[in-house]
Amino acid sequence: MHFPGHSSKKEESAQAALTKLNSWFPTTKNPVIISAPMYLIANGTLAAEVSKAGGIGFVAGGSDFRPGSSHLTALSTELASARSRLGLTDRPLTPLPGIGVGLILTHTISVPYVTDTVLPILIEHSPQAVWLFANDPDFESSSEPGAKGTAKQIIEALHASGFVVFFQVGTVKDARKAVADGADVIVAQGIDAGGHQLATGSGIVSLVPEVRDMLDREFKEREVVVVAAGGVADGRGVVGALGLGAEGVVLGTRFTVAVEASTPEFRRKVILETNDGGLNTVKSHFHDQINSNTIWHNVYDGRAVRNASYDDHAAGVPFEENHQKFKEAASSGDNSRAVTWSGTAVGLIKDQKPAGDIVKELREEAKERIKKIQAFAA
């Protein structure tokens with residue numbers, strides 16, 4: 001702990017090396033590893049174990065925020081689980097260190113309820129951060145500035161209650177709007193990511209530095225943090241993201257096979273057995289169509305492991321016939337046609353481990369890789 005007037009030169013040097021992310025989340029260790037708020041996967045136990053290992057763990061908060069929604073009940077339950085796992089059950093007023101909540105904003109019917117239904121849960125359980133994603137562009141453009149349910153209104157309400165706001169984007173344009181609306185952290189998600197994302201975008205190799213340059217140029221008065229997401233599964237990817245200008249690195253697919261994750265066994269098997277992610281994962285609207293998932297605006301699609309349903313789609317099988325096969329397989333317990341969200345780095349994931357071990361392994365791999373790279377600068 002730093003006490004003014006009592007720090008050694010070594011301690012001052014260590015303090016100077018701290019990033020903005022470290023100052024907001026004092027329990028984090030560099031490089032900062034962040035587990036994504038994957039719906040139906042990222043639970044309170046997983047988030048707590050990531051936090052305990054020096055990372056930032058996000059709990060999935062869902063997309064239905066109407067009063068009485070099961071998503072609200074699940075969120076409250078998972079945040080209570082995180083508090084228990086962190087040993088803070090008897091300290092209800094203590095904020096949950098290194099814990100955040102992810103909210104999907106694309107459900108336009110329920111998004112105006114966020115400040116009425118979600119915010120009280122957040123205040124009660126005290127996570128440190130809230131991650132927002134997938135606001136509906138039509139809803140945003142047709143609403144008055146700052147109207148209830150808009151990104152700006154939600155961010156302002158979250159700030160008023162003391163939360164750090166992450167905002168997931170896939171383009172420089174969207175990053176600019178998110179910061180203008182008040183976001184503190186930009187999650188620059190490249191198209192190698194698994195799960196839902198902007199249908200049109202780029203990889204983190206170009207996205208992260210261009211977003212960073214834009215922020216430094218257009219928002220000089222703001223200390224906005226950039227974290228990278230998409231296509232990272234090991235320490236080498238972490239170092240690459242840091243070199244591009246990210247202050248922290250988000251991983252999703254890697255944590256789907258964490259021991260604590262709520263991932264079904266058949267999906268764990270798919271992830272662990274899939275190689276060559278550029279060939280065997282597909283980014284498409286088709287995955288939501290076959291799942292009969294209609295809440296997503298068409299500016300968003302998703303990346304998943306290629307399976308029998310997609311192969312039939314690519315071969316020209318009529319959708320109605322394909323969908324019937326999908327439903328028959330699901331009803332008979334055949335999971336071969338089920339959608340398994342995954343990023344292109346899936347081929348680098350070979351085992352299941354506790355989430356805390358994944359965080360520590362990533363951090364140590366990154367440090368070793370940085371040491372090797374330093375030889376090139378000698």
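Here's what I pulled together on the structure shown here.

Thresholds, definitions, all that
- Residues numbered from 1 in each chain as written.
- Predicted model: local features only at pLDDT ≥ 70, side-chain atom pairs only at ≥ 80, totals over all residues.
- Heavy atoms only, no water.
- Helix = DSSP H or I, 4+ residues; strand = E, 2+ residues; numbered from the N terminus.
- Expected span 1.5 Å × (residues − 1).
- Buried < 20%, exposed > 50% of the residue type's maximum accessible area, 1.4 Å probe, protein only.
- Contact = heavy atoms within 4.5 Å.
- Polar contact = N/O pair within 3.5 Å; in protein donor to acceptor, adjacent residues only side chain to side chain.
- Core = buried A, V, L, I, M, F, W, Y, C linked by side-chain atoms within 4.5 Å.
- Pairing = 2+ DSSP bridges.
- Arc of directions from axis to C-beta.

**Focus: helix H5 (residues 114-125)**
Counted at 1.5 Å a residue, the expected span for H5 with its 12 residues is 16 Å, and the 16 Å between its end C-alpha atoms agrees. When we look at burial in H5, the residues that qualify are Val114, Thr115, Thr117, Val118, Leu119, Ile121, Leu122 and His125. Residues of H5 that are buried in the fold lie against helix H4 (70-85), strand E3 (96-104), strand E4 (127-133) and helix H7 (151-160). Among the residues trailing H5, Ser126 stands out with phi positive, at a value near 60 degrees.

**Focus on the side chain of Asn135**
Among the secondary structure elements, Asn135 is positioned in the loop between E4 and helix H6 (137-142). Take Asn135: its relative accessible area is 13%, and that puts it in the buried class. Engagement of the side chain of Asn135 in a polar contact is seen with the side chain of Glu140, the distance being 3.4 Å. Each residue touching Asn135, except ones within four places of it in the same chain, is listed here: Leu105, Glu140, Ala151, Phe167, Lys177 and Tyr300.

**Examining the nonpolar core**
Within the largest apolar cluster, 96 residues are counted, with the highest numbers of intra-cluster contacts made by Leu132, Phe166 and Phe255. In terms of residues, this core owes the most to one element, helix H9 (residues 204-218), which gives 6 residues. Of all hydrophobic cores here, the second largest spans 7 residues; its members include Ala304, Tyr310, Phe326 and Val339.

**Thoughts on the pairing of strand E11 (residues 300-305)**
Burial within E11 is extensive, with 6 of its 6 residues counted as buried. The sheet contact formed by strand E7 (residues 195-198) and E11 spans 4 bridges and is antiparallel. Its bridge partner being in E11, Leu198 is matched across the sheet by Tyr300. Direction of pairing for strand E10 (residues 281-284) relative to E11: antiparallel, over a ladder of 4 bridges. Among the inter-strand pairings, Lys283 is bridged to a residue of E11, identified as Arg303.

**Focus: helix H16 (residues 319-331)**
If you check H16, its first and last C-alpha atoms are 18 Å apart, about what 13 residues at 1.5 Å a residue would give, namely 18 Å. Among the residues making up H16, those that are buried are Asn322, His323, Phe326 and Ala329. The arc enclosing the buried residues of H16, seen along the axis, measures out at 125 degrees, which places them on a common side. When the buried face of H16 is taken as reference, the exposed residues oriented beyond 90 degrees from it are Glu320 and Ser331. Looking at the packing, one finds that the buried side of H16 touches helix H14 (286-290) and helix H15 (308-314). Following H16 by one or two positions, Gly333 has its phi on the positive side, about 85 degrees.

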